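# Understanding the architecture of this molecule
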Amino acid sequence: MSQITLTLSQSERVKEVLPSVYVFKVTAANAICKVAQKFVDDYYDKSLVEDLSENDFFQLSKMYPNKESGAEPFVDEEKRICYTARMLEHLPDDYDILHELVNDSARELQIILKEDLGIAFNFRTVAQQELLVYPDGSGFFDFHQDTRRGGRTGTYLFYVNDNYTGGDLEFLNIKDSEGNRVSYKPKKGEVLLMPTSWWTEHRSIANIGGDKIYILAQVCD
């Protein structure tokens with residue numbers, strides 16, 4: 001695995017960090033970071049991880065088959081623990097403003113792509129906006145291709161913090177000149193946008209030394 005250094009297309013507001021993988025600086029970045037971090041500080045209890053319990057505001061991500069079905073887990077539960085605050089529009093105490101901020105940023109992505117790179121990506125909405133926390137050491141999520149159900153054509157990822165080691169996105173099919181898989185380490189306040197295709201099949205490397213906080217949404221035509 002290697003970190004790729006070549007930037008393919010770029011401006012002050014957007015960089016194509018890997019083929020078809022774009023990273024943006026959006027106007028609402030500071031506001032999204034501040035509000036999302038405040039919500040986590042107010043309602044996320046680190047002690048939940050000790051026995052994988054839940055509270056009124058954060059639940060375990062339901063990315064596992066019903067254990068009674070006997071099906072194999074989609075992810076390794078010993079390596080990936082993820083807490084979700086559920087959909088942004090349902091957050092309490094006016095924190096639902098995150099939903100509007102993410103919508104604003106999504107509209108800005110389209111403008112930036114068109115004005116800066118000449119790319120017309122006229123998606124309809126960013127749906128299923130979800131605030132997620134990977135506890136320290138628990139963010140490994142093995143290779144997977146994001147679903148294309150429900151008109152989903154892309155994935156929106158907003159990174160609320162970066163004060164941890166690891167946490168890279170490693171891509172299975174994007175490789176450097178020596179044939180090694182490449183990865184990208186997200187930075188606080190960045191929006192990463194990528195298509196849902198075999199080309200961007202990826203995995204998340206475990207975050208060490210701190211929780212990883214981000215917002216996930218589905219880009220839908």
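Residues numbered from 1 in each chain as written. Predicted model: local features only at pLDDT ≥ 70, side-chain atom pairs only at ≥ 80, totals over all residues. Heavy atoms only, no water.

## Regarding the side chain of Ser204
Summarising the element assignment, Ser204 is placed in strand β13 (residues 202–204). Taking relative accessible area as the criterion, Ser204 reaches 5% and is therefore assigned buried. One polar contact links the side chain of Ser204 to the main-chain carbonyl oxygen of Gly139, over a distance of 3.1 Å. With residues up to four places along the chain from it excluded, the contact list for Ser204 reads Tyr134, Gly139, Phe140, Phe141, Asp168, Leu169 and Lys212. (Helix = DSSP H or I, 4+ residues; strand = E, 2+ residues; numbered from the N terminus. Buried < 20%, exposed > 50% of the residue type's maximum accessible area, 1.4 Å probe, protein only. Polar contact = N/O pair within 3.5 Å; in protein donor to acceptor, adjacent residues only side chain to side chain. Contact = heavy atoms within 4.5 Å.)

## Quick look at the packing of aromatic side chains
This model, assessed by the stated rule, comprises 11 aromatic pairs. Between Tyr44 and Tyr83 the ring centres are 5.8 Å apart and the planes differ by 65 degrees, which places this aromatic pair in the edge-to-face class. Of this pair, Tyr44 sits in the loop between α1 (29–43) and β4 (59–60) while Tyr83 sits in strand β5 (residues 83–87); the two residues are 39 residues apart in sequence, bridging distant segments of the chain. This pair shows no difference in class: Tyr44 is buried, exactly as Tyr83 is. Through successive ring pairs, a cluster of aromatic residues spans Phe39, Tyr43, Tyr44, Phe57, Phe58, Tyr83 and Tyr95. Here the basic side chain of Arg80 rests over the ring of Phe141, its NZ or CZ set 4.5 Å away from the ring centre. Here Lys212 stacks its cationic end above the ring of Tyr214, 5.7 Å away from the centre of that ring. (Phe/Tyr/Trp six-rings, centres within 6.5 Å; stacked < 30°, edge-to-face > 60°. Lys NZ or Arg CZ within 6 Å of the ring centre and 35° of its normal.)

## Quick look at the confidence of the model for the protein chain
For the protein chain, per-residue confidence averages 89 on the pLDDT scale, and residues scoring 70 or more make up 88% of the total. Across the protein chain, the element-wise mean pLDDT spans from 44 in strand β1 (residues 2–3) up to 98 in α1. Every residue in residues 1–7 is under pLDDT 50, and counting partners more than four places away or in other chains gives 20 contacts. (pLDDT = per-residue confidence, 0-100.)

## Things to note about helix α2 (residues 97–117)
Here α2 contains 21 residues, and its C-alpha end-to-end distance of 30 Å stays within 8% of the 30 Å for a straight helix at 1.5 Å per residue. Buried residues of α2: Leu98, His99, Leu101, Val102, Asn103, Ser105, Ala106, Glu108, Leu109, Gln110, Ile112 and Leu113, and no others. Backbone geometry just after α2 places Gly118 at a positive phi near 70 degrees. (Expected span 1.5 Å × (residues − 1).)

## Some thoughts on unusual backbone geometry
Backbone geometry at Arg86 places phi at a positive 70 degrees, although glycine is not the residue there. Residue class for Arg86 comes out partly exposed when judged on its relative accessible area of 32%. Located in the positive-phi region is Gln128, a residue other than glycine, with phi close to 55 degrees. Within the secondary structure, Gln128 is located in strand β6 (residues 125–134). Residue classification places Gln128 among the partly exposed positions, given a relative accessible area of 46%.

## A closer look at the environment of Arg107
The topology assignment puts Arg107 in helix α2. By relative accessible area, which is 46% here, Arg107 ends up partly exposed.

## Brief notes about the packing of α1 against α2
Between α1 and α2, whose axes approach to 10 Å, the crossing angle comes to 155 degrees. Judged by the angle between their axes, α1 and α2 are roughly antiparallel. In this structure, the crossing between α1 and α2 has a hand that is left-handed. Mapping the contact onto sequence places Ala31, Ile32, Val35 and Ala36 in α1 and Ile97, Leu98, Leu101, Val102 and Ser105 in α2. Considered class by class, the residues forming the contact of α1 with α2 number eight nonpolar, one polar and no charged. (Axes fitted to C-alpha atoms, helices over the stretch in contact; angles between N-to-C directions. Parallel < 35°, antiparallel > 145°, perpendicular 65-115°, else oblique. Left-handed = near helix turned anticlockwise from the far one by under 90°. Nonpolar A, V, L, I, M, F, W, Y, C, P; charged D, E, K, R; others polar.)

## Some thoughts on the pattern of salt bridges
One pass over the full model with this rule turns up nine salt bridges. Note that Arg203 and Glu170 form a salt bridge whose closest N and O atoms lie 3.0 Å from each other. Highlighted residues: Arg203 in strand β13 and Glu170 in strand β10 (residues 169–175), separated in sequence by 33 residues. Via salt bridges that share partners, Asp142, Glu170, Arg181 and Arg203 belong to a single interconnected network. (Salt bridge = Lys/Arg side-chain N within 4 Å of Asp/Glu carboxyl O.)

## A short note on the environment of Tyr95
Here Tyr95 shows up in the loop between β5 and α2. A C-alpha to C-alpha distance of 9.1 Å links Tyr95 and Lys38, two positions 57 residues apart in sequence. If we skip the residues at most four places from it in the chain, Tyr95 touches Val35, Lys38, Phe39, Asp42 and Tyr43. A polar contact is formed between the side chain of Tyr95 and the side chain of Asp42, at a distance of 2.6 Å.

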